Amino acid sequence: MSAPGSSVQTSCYCLDGYVGANGEACVGCVEGTYCRYGNLSDCPEFATSPDLSHLISNCTCNAGYTLAQNGVTCTPCPAGSYKLIAGSSACVLSEADHYSWLEAAADRRS
């Protein structure tokens, strides 16, 4: 994309969700990254994002991890809890007969 009336190839830039130098080919951002203003960034540790993401808020915590109070990092579910799916939801306390002894449990039987 370029500003109206641009006649120089280097005036072209990538749309959000794509990465590439000005004037060069743009490539879609892949899972686990986000691209803004043509720049590629990784999601925080223990987080992922769908293809073509353009905001850090598109990154969600993996199963077994929950969003920390700072709203950016993902922390493991403590022993005695689990989280089945990716997302920003909280960890769930394990049932008495399925206690998880592991941190970052992604199922109730860990």
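Throughout what follows, the structure given in this document is the object of discussion. (Residues numbered from 1 in each chain as written. Predicted model: local features only at pLDDT ≥ 70, side-chain atom pairs only at ≥ 80, totals over all residues. Heavy atoms only, no water.)

A count of helical and extended segments in the chain gives zero helices and 10 strands. Element order for the chain, N to C, with α for helix and β for strand: β-β-β-β-β-β-β-β-β-β. Going through the 110 residues of the chain one by one, you find that 27% of them count as buried. Counting contacts in the chain only where the partners sit at least 6 residues apart, residues at least 24 apart contribute 19% of the total. (Helix = DSSP H or I, 4+ residues; strand = E, 2+ residues; numbered from the N terminus. Buried < 20%, exposed > 50% of the residue type's maximum accessible area, 1.4 Å probe, protein only. Contact = heavy atoms within 4.5 Å.)

Note that alanine 96 resides in the segment after β10 (92-93). Here the alpha-carbon distance between alanine 96 and glycine 80, two residues 16 residues apart in the chain, equals 9.1 Å.

General note: in soluble globular proteins, nonpolar side chains tend to be found buried as a group. Judged by nonpolar contacts, Tyr34, Cys43, Ala47, Cys59, Cys61, Tyr65 and Cys74 together constitute the single largest core of seven residues. Ignoring any residue separated from it by four or fewer positions in sequence, one finds cysteine 43 in contact with Gly32, Thr33, Tyr34, Thr48, Ser49 and Cys59. (Core = buried A, V, L, I, M, F, W, Y, C linked by side-chain atoms within 4.5 Å.)

Across all of its chains, the model carries five disulfides by this definition. What pairs with cysteine 14 in a disulfide is cysteine 26, and their sulfur atoms sit 2.1 Å apart. On the sign convention where negative is left-handed, the bridge of cysteine 14 and cysteine 26, at about -100° about the S-S bond, is left-handed. Taken as a pair, cysteine 14 in the segment before β1 (18-19) and cysteine 26 in the loop between β1 and β2 (27-28) lie far apart in primary sequence, 12 residues in all. The class for cysteine 14 is buried, based on a relative accessible area of 3%. A sulfur-sulfur distance of 2.1 Å marks the disulfide that ties cysteine 43 to cysteine 59. Between cysteine 43 and cysteine 59, the S-S dihedral sits near -75°, and the bridge is therefore left-handed. Residue cysteine 43 is located in the loop between β4 (39-42) and β5 (47-48), and its partner cysteine 59 is located in the loop between β5 and β6 (60-61); the two are separated by 16 residues in the primary sequence. We classify cysteine 43 as buried; its relative accessible area is 10%. Cysteine 59 sits in the buried class, given a relative accessible area of 13%. With its bonded cysteines labelled in order along the sequence, the chain shows the pairing 1-2, 3-4, 5-6, 7-8, 9-10. Cysteine cysteine 12 is unpaired, with the sulfur of cysteine 26 as its nearest cysteine sulfur at 8.4 Å. (Disulfide = S-S within 2.5 Å.)

For the rest of this paragraph, the subject is unusual backbone geometry. With a phi close to 70°, phenylalanine 46 is a non-glycine residue in the positive phi region. Along the chain, phenylalanine 46 falls in the loop between β4 and β5.

Counted by the stated rule, this structure contains one aromatic pair. Ring plane angle 10° and centroid distance 4.3 Å describe the contact between phenylalanine 46 and tyrosine 65, whose orientation is recorded as stacked. Highlighted residues: phenylalanine 46 in the loop between β4 and β5 and tyrosine 65 in strand β7 (residues 65-67), separated in sequence by 19 residues. Given a relative accessible area of 15%, tyrosine 65 falls into the buried group. (Phe/Tyr/Trp six-rings, centres within 6.5 Å; stacked < 30°, edge-to-face > 60°.)

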